[in-house]
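# What the coordinates show
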Amino acid sequence: MKILVAIKQVPMRDSQLRIAPSARWIDEDALNFEINEPDAYALEEALQLKEKHGGEVVVLCAGPERAGQTIREALAKGADRAIHLELDLNSLDTLGMARLLAHACAAEKADLILTGLQSDDLGSGQTGVVMAELMGVAHSTIIMQVEVNGSTLRVKRELENGWFQHIEMPLPAVLTIQSGLNKLRYATLMGIKKAKNKEVKKLTATELGGMPAAVVWTDKIYAPHKSKQSQIFEGDAKTAATQLVEKLKFEARVF
Amino acid sequence: MILVILEQQSERQNSQWHRMSWETLAAGQQLAAQLGVGLQAAVLGKSNSALLAELASKKIGHIWNVEHDLLERYTADGYASACQQLVEKIKPSVVLFPHTYQVRDFAPKLATRFSQVLISDVISARLDAGALVYVRQFFQGKLSGDIRANGTGPHFASIQAGAFRADALETSATAAPSEVFSPVMDATMIRQRPEAPFREAARAVDLTTAEIIVSVGRGIKEQSNIPVVEELAKALGAELAASRPICDAGWLPMERQVGSSGQTVAPKMYVAVGISGAIQHLVGMKGAKTIVAINKDANAPIFEVADYGIVGDLFEVVPALVDAVNKAKS
Ligand SMILES: Cc1cc2nc3c(=O)[nH]c(=O)nc-3n(C[C@H](O)[C@H](O)[C@H](O)COP(=O)(O)OP(=O)(O)OC[C@H]3O[C@@H](n4cnc5c(N)ncnc54)[C@H](O)[C@@H]3O)c2cc1C
Ligand SMILES: Nc1ncnc2c1ncn2[C@@H]1O[C@H](COP(=O)(O)O)[C@@H](O)[C@H]1O
């Protein structure tokens, strides 16, 4: 079977974020980037499904040139080839993003398309669902297990508060993958070497029908407004710990 | 007019409203008042009369009971189609949802059918020069942003857990009028075949009764460091809990996970160690009486809900805290 995995490159998890002078987005210059966390699990799931059922794993990534690094890492882990939509993401909204991705997917005629359930930076949590709608295929979200039986799919979907549910649907389909459904592999030296010769097809927005206009946009970003008065202790650990315990004992009266 | 789509949890527990339904309805009442427009609400699937009576006691202009045999079990295809038909019929300017797992599953599909984008996980909204501005978070709560949508509408927005207060809901002395809406649907439109929801094996640990909880996050770095926080839990006589990545990695068992996909706790004190404070974690512990956060990043969102915090390296702070607690207790 042919499996497509949409992976996004996002700033590394513990990055110190600075707002850009335009206040529209963050200043990306000094940042390091990595694969979006649930997307790493989606890729791993695709690789495991290929090991079981045979076929091909293709990664699909939209982003500027620097995203090429994340694509290489996915190829080193075992993806067979990649499609890189080389563009600046800032003027796109989720619908526009999904349109371009869906367009690139449609040409591939994949049996299964996996995305992460949510990006760490935008966190809109819906690109996969929108892609499914645009492509006219079934979908399910927050997936913790994937079983392929011929032309049907049986998945385990996470509900709230520790509940789950199994769902069956026909292929082709889009699934949005939740972190933690499998154990991530590391790239091997051999994998890294092989990745150098794997195909990365570059596409532009023009080749995918043009840059879609946005229907929603971010006016400005800012530090969150604090709703609660907190008492914060800084400085050396010992003094801060003693001050905190004083407060807990005499003010909050927890012991 | 603003339309609020409510959610029930009838498939999982005894029939009850999802508590975020009320928060979203409160958001709908406030926005409708600001915009000077009407408020309507819709509920999909079969509802029992007690639930509907509870709903009718709220201040709502009109209630739609969207009923069809194919809506009895939730499916993304079924719900998207039914909501699409209702929206086309009553033409709201704004459609609000609670940002639940179910809404994540079908609302983006619905918005796409109107060539719109679901503005997801909204924490507030305001009127600015005649247009609505929605506020949502980026980078798991580290930044906020103002979002605008183009004028043609309808706008679709989902409301984050805890962003609006259910106790701010206005009620009404006379029952809100209600009407059945029967969408046109047939079984071939629905591709998902859902089975009954289930829970994994019973929980051996009940965190909900713990008085004090020490909870550990990814700041702990490695499984071999877990004893650092275990010491603190011991000193405080606390139960140990964790954020999701810790349980995903198998460093602590799943049953110790706090958050939207784990347990919801409300202890006397919750100590969050090396936890950033993503909303999915916060919803599980915001109800704690006293919240203490230890994090090396002064801008971590966990400090927004903390009563007390120490900004520092947990590997220095936690052992110092263990000493100070032991001293204070002896
Ligand atoms: C549908 C869905 C459901 C989810 N359900 C849950 C859930 O039930 N529970 C849950 O917890 N999450 C859940 N999540 C995941 C959630 O979004 C966050 O990714 C997760 O809570 C982050 O965990 P964390 O804070 O431990 O890790 P991180 O976000 O990586 O934060 C680690 C923190 O440790 C700090 N740190 C690092 N080193 C040190 C040090 N030496 N000393 C002090 N501090 C340090 C860092 O500054 C950072 O703030 C869910 C996500 C989704 C999309
Ligand atoms: N620029 C992108 N390139 C590839 N995949 C993406 C991109 N943006 C979003 N996705 C996919 O869509 C998922 C959800 O993203 P979002 O809807 O932004 O939360 C991500 O986990 C990715 O799998």
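Up top is the structure.
Now for a quick tour of the structure.

## Details of the sheet that holds strand β9 (residues 178-181) of chain B
In a beta sheet, neighbouring strands pair by backbone hydrogen bonds and run either parallel or antiparallel. Read across the open sheet, the 10 strands follow the order β12(A)-β7(B)-β6(B)-β5(B)-β8(B)-β4(B)-β1(B)-β2(B)-β3(B)-β9(B); overall the sheet is mixed. Strands with a single pairing partner mark the edges of an open sheet, and in this sheet they are β12 (216-222) of chain A together with β9 of chain B. Ignoring which end each strand starts from, the neighbouring axes of this sheet average 35° apart. As paired strands, strand β4 (residues 94-98) of chain B and strand β8 (residues 155-159) of chain B are joined by five bridges and run parallel to one another.

## Here we look at the sheet that holds strand β14 (residues 269-273) of chain B
With parallel pairing, six strands are arranged side by side in an open sheet as β13(A)-β16(B)-β15(B)-β14(B)-β12(B)-β13(B). Strands at the two margins of the open sheet, each flanked by one partner only, are β13 (231-233) of chain A together with β13 (239-242) of chain B. Taking the axes of each pair of neighbouring strands and ignoring which way they run, one obtains an average angle of 20° across the sheet. With four bridges connecting them, strand β15 (residues 290-295) of chain B and strand β16 (residues 308-311) of chain B associate as parallel partners. Looking at β16(B), one finds that N295(B) is bridged to V311(B). Each of β13 of chain A together with β14, β15 and β16 of chain B is contacted by helix α6 (residues 237-250) of chain A, which is oriented at about 175° to β16(B), the strand it contacts most. This element, helix α5 (residues 226-236) of chain B, spans β12 (212-216), β13 and β14 of chain B of the sheet and lies at about 170° to β12(B).

## Concerning the pattern of salt bridges
Pairing between side chains of opposite charge can happen when their charged atoms approach one another. For the structure on display, the rule yields 35 salt bridges over all chains. Two residues, E37(A) and R218(B), come together in a salt bridge whose shortest N-O distance is 2.7 Å. On the criterion of chain membership, the pair formed by E37(A) in helix α1 (residues 37-53) and R218(B) in the loop between β12 and α5 is interchain, its members lying in two chains. Across the pair R81(A) and E108(A) runs a salt bridge, and its minimum N-O distance is 2.8 Å.

## Let's talk about the interface of chain A and chain B
Counting residues at the interface gives 85 residues for chain A and 85 residues for chain B. Between chain A and chain B, the buried area comes to about 7,600 Å², and carbon and sulfur atoms account for 54% of it. If you look at where chain A meets chain B, you find nine salt bridges. R244(B) serves as the salt-bridge partner of E158(A), at 2.9 Å between the closest nitrogen and oxygen. Viewed at the interface, chain B and chain A are joined by 48 residue pairs in polar contact (both at pLDDT 80 or more).

## A short note on the pairing of β12(B)
All names here are of chain B. Across the five residues that make up β12, a large majority, five, are buried. Burial along β12 is two-sided: I212, V214 and V216 and I213 and S215, pointing in opposite directions, are all buried. With four bridges joining them, β12 and β13 adopt parallel strand pairing. Each residue of the ladder has a partner; that of V214, found in β13, is L240. Remark: the β12/α5/β13 crossover connection has right-handed handedness.

Reading the values: the criteria
- Residues numbered from 1 in each chain as written.
- Chains lettered and ligands numbered in written order.
- Predicted model: local features only at pLDDT ≥ 70, side-chain atom pairs only at ≥ 80, totals over all residues.
- Heavy atoms only, no water.
- Pairing = 2+ DSSP bridges.
- Helix = DSSP H or I, 4+ residues; strand = E, 2+ residues; numbered from the N terminus.
- Axes fitted to C-alpha atoms, helices over the stretch in contact; angles between N-to-C directions.
- Contact = heavy atoms within 4.5 Å.
- Salt bridge = Lys/Arg side-chain N within 4 Å of Asp/Glu carboxyl O.
- Buried area = accessible area lost by both parts, 1.4 Å probe.
- Polar contact = N/O pair within 3.5 Å; in protein donor to acceptor, adjacent residues only side chain to side chain.
- Buried < 20%, exposed > 50% of the residue type's maximum accessible area, 1.4 Å probe, protein only.
- Right-handed = clockwise from strand over helix to strand, strands pointing away.

So yeah, pure geometry; function would need other evidence.
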